[in-house]
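Reading the structure
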Amino acid sequence: MLLGPFLMGIGAAGEISLETLLFFLVTLLFFGARYPLTLLFRSYLGGPVRGLGRFEIWRWLVGYSGLGLLFTVPLLYPYGNWWLILLGALWLLLVVFQFLLERLRWHRTVVGELLVVAGLALAGPSAYYISGGPWGNNIFVLWILALLYWGSSVFYVKMRVSQRSQHRRKLGLEDRWAMGKYMALFLFILLLMVASLTILGLAPWLVPLAFAPLVYKVFTGILTAPPERSIRRLGFKELAHSVAFVVIVILAYRI
């Protein structure tokens, strides 16, 4: 979910440079820093930290974030990617919201999971910008596309897991609809937004094609597909669909 948007952004920009590779390293470092930051937050709330002391967590956090900031400096100067500060601030804001939800014990809700996806999806527009893409509408459109696609996985996986829990009995259409109605609603909103972006000329005309496999798997998942008994198999299927989505979006922007 991090690599997909990143590759999508690079492909849409059509250029790989030293800045791109440096930013990929920065992305991995800050991604690594998020986990000790989460553990530190939980420790102050009195939650479990899996046997790690606060000093160890701080050392881990300072190491990752310190290296991340160090390698960010050349991206700002001399390369001059100053808009990266705004994207980084937006990511930090999303992380703060995630921590607030964790404080309220809502972090495992759909809203909490979508906030995580929104943060990871920022890798797409950031990679596009760092790889030479101009600052403008494409920055935000790529973020929306990534958020819509990978956000749909939150609903789809929940639906398939719910079906899996009922694999011992035959599911009727009413049962399937009860388990998939939120997925169907999200898909409707998704298609409406993608169509609007395309009609307004903000997204390439081939972009809706990238969501065709998603539409197919959702409708078959709700109407006909048997419950998925293997979580691992479900994960591999999601990975294959993500690869197809990224490839089609890249082609849409390059054509």
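Below you will find a few notes about this structure. Keep in mind that this is a model prediction, so the values were computed, not measured. (Residues numbered from 1 in each chain as written. Predicted model: local features only at pLDDT ≥ 70, side-chain atom pairs only at ≥ 80, totals over all residues. Heavy atoms only, no water.)

**Observations regarding the overall build of the protein chain**
To be explicit about the condition: Helix numbering and strand numbering both begin at the N terminus, where a helix is a DSSP run of H or I of at least 4 residues and a strand a DSSP run of E of at least 2. Atoms counted for the radius of gyration: C-alpha only. Globule rule: 2.2 Å times the number of residues to the power 0.38. Buried, partly exposed and exposed residues are distinguished by accessible area as a fraction of the type maximum, computed with a 1.4 Å probe on protein chains only: under 20%, between the cut-offs, and over 50%, respectively. Residues count as neighbours in contact if any of their non-hydrogen atoms are within 4.5 Å of one another. Within this scheme the basic residues Lys and Arg register as positive and the acidic residues Asp and Glu register as negative, but His and the chain ends are omitted. We put the charge of a Lys on NZ, of an Arg on CZ, of an Asp on CG and of a Glu on CD.
Scanning the protein chain from terminus to terminus reveals eleven helices and zero strands. Secondary structure elements of the protein chain, listed N to C terminal, follow the sequence α-α-α-α-α-α-α-α-α-α-α. Against the compact-globule benchmark of 18 Å for 255 residues, the protein chain has a radius of gyration of 20 Å, which places it among compact chains. By its C-alpha atoms, the protein chain is 60 × 50 × 25 Å across when sized along the principal axes. By residue count, 42% of the 255 residues in the protein chain fall in the buried class. A fraction of 77% describes how many contacts in the protein chain between residues 6 or more apart in sequence connect residues 24 or more apart. Of the side-chain charges in the protein chain, 22 are positive and 9 negative, and the distance between the mean point of each set is 8 Å.

**A word on the side chain of Gln 98**
If you trace the backbone, Gln 98 turns up in helix α4 (residues 84-103). Gln 98 gets classed as buried once you look at its relative accessible area, which sits at 7%.

**A closer look at the packing of aromatic side chains**
Rules: Stacked, tilted and edge-to-face are the three classes applied to pairs of Phe, Tyr and Trp rings, where Trp contributes its six-membered ring and a pair requires centres within 6.5 Å; stacked means planes under 30 degrees apart, edge-to-face means over 60, and tilted covers the rest.
Per the counting criterion, the structure on display carries 15 aromatic pairs. With 4.1 Å between their ring centres and 5° between their planes, Tyr 149 and Phe 245 make a pair best called stacked. Of this pair, Tyr 149 sits in helix α7 (residues 137-164) while Phe 245 sits in helix α11 (residues 231-254), and the two are 96 residues apart along the sequence. With relative accessibility at 0%, the residue Phe 245 sits in the buried group.

**Some thoughts on a nonpolar patch on the surface**
Let me state the cut-off plainly: Residues enter a patch when their relative accessible area is above 30% and they make no salt bridge; the linking distance is 9 Å between like charges and 5 Å between nonpolar side chains (Val, Leu, Ile, Met, Phe, Trp, Tyr). Shrake-Rupley sampling with a 1.4 Å probe provides the accessible areas, and residues are treated as covered by the protein chains on show and by no other component. What counts as a salt bridge is simple: a side-chain nitrogen of Lys or Arg found within 4 Å of a carboxyl oxygen of Asp or Glu.
Taken together, the side chains of Phe 236, Leu 239, Val 243, Val 247, Leu 251 and Ile 255 define a hydrophobic patch exposed on the protein surface, amounting to about 620 Å² of accessible area. Looking at the element boundaries, Leu 251 is found in helix α11. Looking at Leu 251, the relative accessible area reads 46%, which means it is partly exposed.

**Some thoughts on the nonpolar core**
This is how it is decided: Here, nonpolar core refers to any group of buried Ala, Val, Leu, Ile, Met, Phe, Trp, Tyr and Cys residues whose side-chain atoms link them within 4.5 Å.
With 59 residues, the main nonpolar core has Phe 211 and Phe 245 as its most contacted residues. If you tally residues by element for this core, the top one is α7, at 13 residues. Discounting residues that sit within four places of it in the chain, Phe 211 has contacts with Leu 145, Leu 148, Tyr 149, Leu 190, Val 194 and Phe 245. With five residues, the next largest nonpolar core counts Ala 33, Leu 39, Ile 57 and Leu 61 among its residues.

**A few points about the side chain of Thr 27**
Here Thr 27 is to be found in helix α2 (residues 18-44). Taking relative accessible area as the criterion, Thr 27 reaches 14% and is therefore assigned buried. With near-sequence residues (within four places) excluded, Thr 27 lies in contact with Leu 2 and Phe 6.

**Quick notes on α11**
We count it as follows: How far a helix is expected to stretch is found by multiplying one less than its residue total by 1.5 Å.
Counted at 1.5 Å a residue, the expected span for α11 with its 24 residues is 34 Å, and the 35 Å between its end C-alpha atoms agrees. Of the surrounding elements, those touching the buried residues of α11 are α1 (3-13), α7, α9 (207-210) and α10 (212-223).

**Looking at the pattern of salt bridges**
When their charged atoms lie close together, side chains carrying opposite charge are able to pair. Summed over the entire model, instances satisfying the criterion amount to two salt bridges. For Glu 113, the salt bridge goes to Lys 158, with nearest N and O atoms at 3.4 Å. Taken together, the residues Glu 113 in helix α5 (residues 110-121) and Lys 158 in helix α7 connect sequence positions 45 residues apart. Between Glu 238 and Lys 217 there is a salt bridge, and its shortest N-O distance comes to 2.5 Å. Separated by 21 residues along the polypeptide, Glu 238 in helix α11 and Lys 217 in helix α10 bring together distant segments of the chain.

**Comments concerning the packing of α7 against helix α8 (residues 173-199)**
To describe two helices that pack against each other, one gives the angle between their axes and the distance between the axes. To keep it simple, the criterion reads: To obtain an axis, a line is fitted to C-alpha atoms, over the contacting stretch when the element is a helix, and the angle between two such axes runs from 0 to 180 degrees between their N-to-C directions. Relative orientations are named as follows: roughly parallel for angles under 35 degrees, roughly antiparallel for angles over 145 degrees, roughly perpendicular for angles from 65 to 115 degrees, and oblique for any other angle. The classification used treats Ala, Val, Leu, Ile, Met, Phe, Trp, Tyr, Cys and Pro as nonpolar, Asp, Glu, Lys and Arg as charged, and all other residues, Gly among them, as polar.
α8 packs onto α7 with a crossing angle of 170° between their chain directions and a minimal axis gap of 9 Å. Between α7 and α8, the crossing angle belongs to the class labelled roughly antiparallel. Note on element contacts: α8 touches α7 through Arg 176, Met 179, Gly 180, Tyr 182, Met 183, Phe 186, Leu 190, Met 193, Val 194 and Leu 197, opposite Val 141, Ile 144, Leu 145, Leu 148, Tyr 149, Gly 151, Ser 152, Phe 155, Tyr 156, Met 159, Ser 162 and Gln 163. Of the residues assigned to the contact of α7 with α8, the class counts are 16 nonpolar, five polar and one charged.

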